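So the chains spell out like this:
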Amino acid sequence: MAEHNLLIVEDDKGLRNQMRWCFSNCNVFVAEDAPSALTALDAHKPAVVTLDLGLPPDPGGDSAGLKLLGSILERAPDTKVIVVTGREERDSAVNAIALGAYDFYQKPLDAEILEFVVERAFRLSDLEQEKRNLESAAAHAIPGMIAASRAMESVARLISRVAPTDANVLIQGETGTGKELVAQAIHQLSERSGQPLTVINCAAIPENLLESELFGHEKGAFTGATGKKIGSVEEATGGTLFLDEIGDMALPLQAKILRFLQERVIQRVGGTQPIPVDVRVVAATHQPLSERVAAQQFREDLLFRLSEITIELPPLRDREDDVLLIANALIRKHAGERRLRLSNEAIAAIQAARWPGNVRELGNRVKRACILTDGGLIHPQDLELAEPDLTAMPSSDLNLKAVRAEAEIRAIRTALLKADNNISQTARILGVSRPTLYDLLKRHEVVIDDEG
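Residues numbered from 1 in each chain as written. Predicted model: local features only at pLDDT ≥ 70, side-chain atom pairs only at ≥ 80, totals over all residues. Heavy atoms only, no water.

1. Details of the overall build of the chain
Stage number 1. Helix and strand counts for the chain come out as 18 helices and 16 strands.
Stage number 2. Computed over its C-alpha atoms, the radius of gyration of the chain comes to 28 Å, more than 25% above the 22 Å expected for a compact globule of 452 residues.
Stage number 3. Taken over the C-alpha atoms alone, the chain extends approximately 95 × 55 × 40 Å along its principal axes.
Stage number 4. Put simply, the chain has 452 residues, and 45% of those count as buried.
Stage number 5. Long-range contacts, defined as pairs at least 24 residues apart, comprise 68% of the intrachain contacts of the chain with a sequence gap of at least 6.
Stage number 6. With an accessible surface of roughly 23,200 Å², the chain has 49% of that area assigned to carbon and sulfur atoms.
Stage number 7. Of the charged side chains in the chain, 51 are positive and 66 negative, and the gap between their average positions amounts to 4 Å. (Helix = DSSP H or I, 4+ residues; strand = E, 2+ residues; numbered from the N terminus. Rg over C-alpha atoms; globule rule 2.2 N^0.38 Å. Buried < 20%, exposed > 50% of the residue type's maximum accessible area, 1.4 Å probe, protein only. Contact = heavy atoms within 4.5 Å. Areas by Shrake-Rupley, 256 points an atom, 1.4 Å probe, with all protein chains shown as cover. Lys, Arg positive; Asp, Glu negative; His and termini not counted. Charge placed at Lys NZ, Arg CZ, Asp CG, Glu CD.)

Here's what the structure looks like:
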């Protein structure tokens, strides 16, 4: 605990000094009332606070201890607050836990037990910080992508490999899984990143206007064509053209897209001259195109042209390890200057939800919660989610040894992905030595892809 900061808030000077000498292996700061406690909190950013709930009440008669607890968690929601109570204050301790306190300890003081409770809080704080570090590493593996799950590991690796090429890419996945985000990542990681990424939603533009939008038109080509229009394909020359919801494109226009992909030339509506274009094409759809081909609603030859590389995006319900990563990242994005965090019940509710709208649905719920939540904690009702029955959790999910092993495997895989399988860099990210990393790889049977 040598590098840990501990804040002790206690109005009894004798007890305050007694508690201070219980902790010789960490940096101890003391405060006797709410103003000095908040000053020390801002100055020293302690990971753990012991808070005497028996502080004298404020002039309004409210509990100064509970009020200070709320202020601490609002300013520093990751802080582990251990409330210290007398035997007659047990109900206040229960209320404090409901408000977000980490644990409680009852007087009279037993130095050995209190030291154990504080050390356990520091250990949890360290684990959460390691998790946040891994989240940050995972978030920067692919531009805009927040992922550490095995389901997304192969997706990230495929994006990294295909982006520098000029291959046509077809992205398939349910609505809300992040298909446009993947298209943006492919463009940003390509040699065309300095040129435009042009996005066309094939389902949002009427069929009779889509051809003109894509290929442009000459003056007088149709009623209302009062001048020449440069189409999106031509404007995207040198860059990337993203055709979203390609599965909704009408068959006659599919034939013209096929010709463009085969010959890399276009012809404006009403024009006669072929125009060469240098464009990389990325397409996306939430529809199973093989079924549309079977139903004669999509051209098989166009599917072959579009899918030189196919990326299948898994739904959020199959990305269990990513749900909380994404939720926490969205909270940081939408909370502004407020320091918000998920309650334990909200975490369980998020993990239990099926998310039919995938990341888009999660984003909408989190944004709403950040706007409407009072205080520093987000609860299931703020997310419009049902509070799960925690007693129904399978006993297998409570096995700490299995949970720790799974967490270590996820951390190792995320670090390997971040470091592109470089052992030395992976060890640095994880904060371990190379021999320790080799032992972990062997213990968890993690195989490194030499081609990565």
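After presenting the structure, the write-up continues.
2. Some details on unusual backbone geometry
Stage number 1. Looking along the chain, the bond that leaves Lys107 and enters Pro108 is cis, with omega of 5°.
Stage number 2. Residue placement: Pro108 occurs in the loop between β5 (103–106) and α5 (111–139).
Stage number 3. Unusually for a residue other than glycine, Gln296 sits at a positive phi of about 60°.
Stage number 4. For Gln296, a relative accessible area of 66% gives the class exposed.
Stage number 5. For Asn358, which is not glycine, the phi dihedral falls at a positive 60°.

3. Here we look at helix α2 (residues 34–44)
Stage number 1. Turning to α2, its buried residues number three or more, namely Ala37, Leu38, Ala40 and Leu41. Seen from one end, α2 has its buried residues packed into an arc of 160°, which puts them on one side. Facing away from the buried surface of α2 by more than 90 degrees, the exposed residues are Pro35, Thr39 and Ala43.
Stage number 2. Along its buried surface, α2 packs onto β1 (5–9), β2 (27–31), β3 (48–52) and α3 (64–75). (Arc of directions from axis to C-beta.)

4. Observations regarding empty space enclosed by the protein
Empty space among the atoms becomes apparent when a probe as large as a water molecule is rolled across them.
Stage number 1. Overall, the coordinates contain 1 cavity of 30 Å³ or more when judged by the stated rule.
Stage number 2. The computed volume of the largest cavity comes to approximately 50 Å³.
Stage number 3. Mapped by element, the contributors of at least two residues to the lining of the largest cavity are α6 (150–162) and α16 (400–418).
Stage number 4. Taken together, the residues of the lining of the largest cavity sort by class into 4 nonpolar, 2 polar and 2 charged. (1 Å grid on protein atoms, 1.4 Å probe; cavity = no way out; pocket = protein on both sides within 12 Å on 5 of 7 lines; lining within 4 Å. Points joined across faces, edges and corners; volume = space filled by probe spheres on them. Nonpolar A, V, L, I, M, F, W, Y, C, P; charged D, E, K, R; others polar.)

5. Here's the deal with the pairing of β5
Stage number 1. Here β5 shows a clear split, with Asp103 and Tyr105 buried on one side and none of Phe104 and Gln106 buried on the other.
Stage number 2. Both strand β4 (residues 80–85) and β5 contribute to a ladder of 4 bridges, which runs parallel. Bridging from a neighbouring strand, Thr85 pairs with Gln106 of β5. (Pairing = 2+ DSSP bridges.)

6. Brief notes about the pairing of strand β13 (residues 280–285)
Stage number 1. The buried fraction of β13 is high, at 6 of 6 residues.
Stage number 2. As paired elements, strand β6 (residues 169–172) and β13 share 4 bridges and run parallel to each other. Bridged to Leu170 within β13 is Ala283.
Stage number 3. Pairing of strand β10 (residues 240–244) with β13 involves 4 bridges; the strand directions are parallel.

7. Re the nonpolar core
Stage number 1. If you look at the biggest cluster of nonpolar residues, it comprises 29 residues, and the most contacted ones within it are Leu214, Val233, Leu243, Ile246 and Phe260.
Stage number 2. Mapped by element, the contributors of at least two residues to this core are α8 (207–215), β10, α10 (251–263), β13, α11 (289–294) and α12 (300–306).
Stage number 3. Examining the composition of this core, we find that 5 residues originate from one element, α10, more than from any other.
Stage number 4. When residues no more than four places from it in sequence are discounted, the contact partners of Leu243 are Ile200, Cys202, Leu214, Ile257, Val281, Val282, Ala283 and Ala284.
Stage number 5. By size, the runner-up hydrophobic cluster in this structure holds 22 residues, among which are Ile331, Ala346, Ile350 and Ala353. (Core = buried A, V, L, I, M, F, W, Y, C linked by side-chain atoms within 4.5 Å.)

8. Things to note about the sheet that holds β4
Stage number 1. Taken in spatial order, the 5 strands of this open sheet run β2-β1-β3-β4-β5, and their pairing is parallel. With one partner strand each, in any of the chains shown, β2 and β5 form the two edges of the open sheet. In this sheet, adjacent strand axes meet at a mean angle of 20° when their direction is disregarded.
Stage number 2. Running over the sheet, helix α1 (residues 13–20) touches β1, β2 and β3 and is turned about 170° from β2.
Stage number 3. Its contacts with the sheet put helix α4 (residues 90–99) on β4 and β5, and the angle it makes with β5 is roughly 165°. (Axes fitted to C-alpha atoms, helices over the stretch in contact; angles between N-to-C directions.)

9. Re the pattern of salt bridges
Stage number 1. Applying the stated criterion across every chain, the model contains 21 salt bridges.
Stage number 2. Its salt-bridge partner being Asp52, residue Lys107 comes within 3.5 Å of it at the nearest N-O pair. Highlighted residues: Lys107 in the loop between β5 and α5 and Asp52 in strand β3, separated in sequence by 55 residues.
Stage number 3. According to the relative accessible area criterion, Lys107 is partly exposed, its value standing at 24%.
Stage number 4. With a closest N to O distance of 2.9 Å, Arg268 and Glu234 form a salt bridge. In this pair, Arg268 sits in the loop between β11 (265–266) and β12 (275–276) while Glu234 sits in helix α9 (residues 232–235), placing the two residues 34 residues apart along the sequence.
Stage number 5. Put simply, Glu10, Asp52 and Lys107 are held in one network by salt bridges that share partners. (Salt bridge = Lys/Arg side-chain N within 4 Å of Asp/Glu carboxyl O.)

10. With respect to the packing of α8 against α10
Stage number 1. At a minimum axis separation of 11 Å, α8 and α10 run at an interaxial angle of 15°. Classed by the angle they form, the pair α8 and α10 counts as roughly parallel. Along this stretch, α8 crosses α10, giving a crossing that reads as left-handed. Contacts between α8 and α10 involve Leu210, Glu211, Leu214 and Phe215 from the first element and Leu253, Lys256, Ile257 and Phe260 from the second.
Stage number 2. Residues belonging to the contact of α8 with α10 are distributed by class as follows: 6 nonpolar, no polar and 2 charged. (Parallel < 35°, antiparallel > 145°, perpendicular 65-115°, else oblique. Left-handed = near helix turned anticlockwise from the far one by under 90°.)

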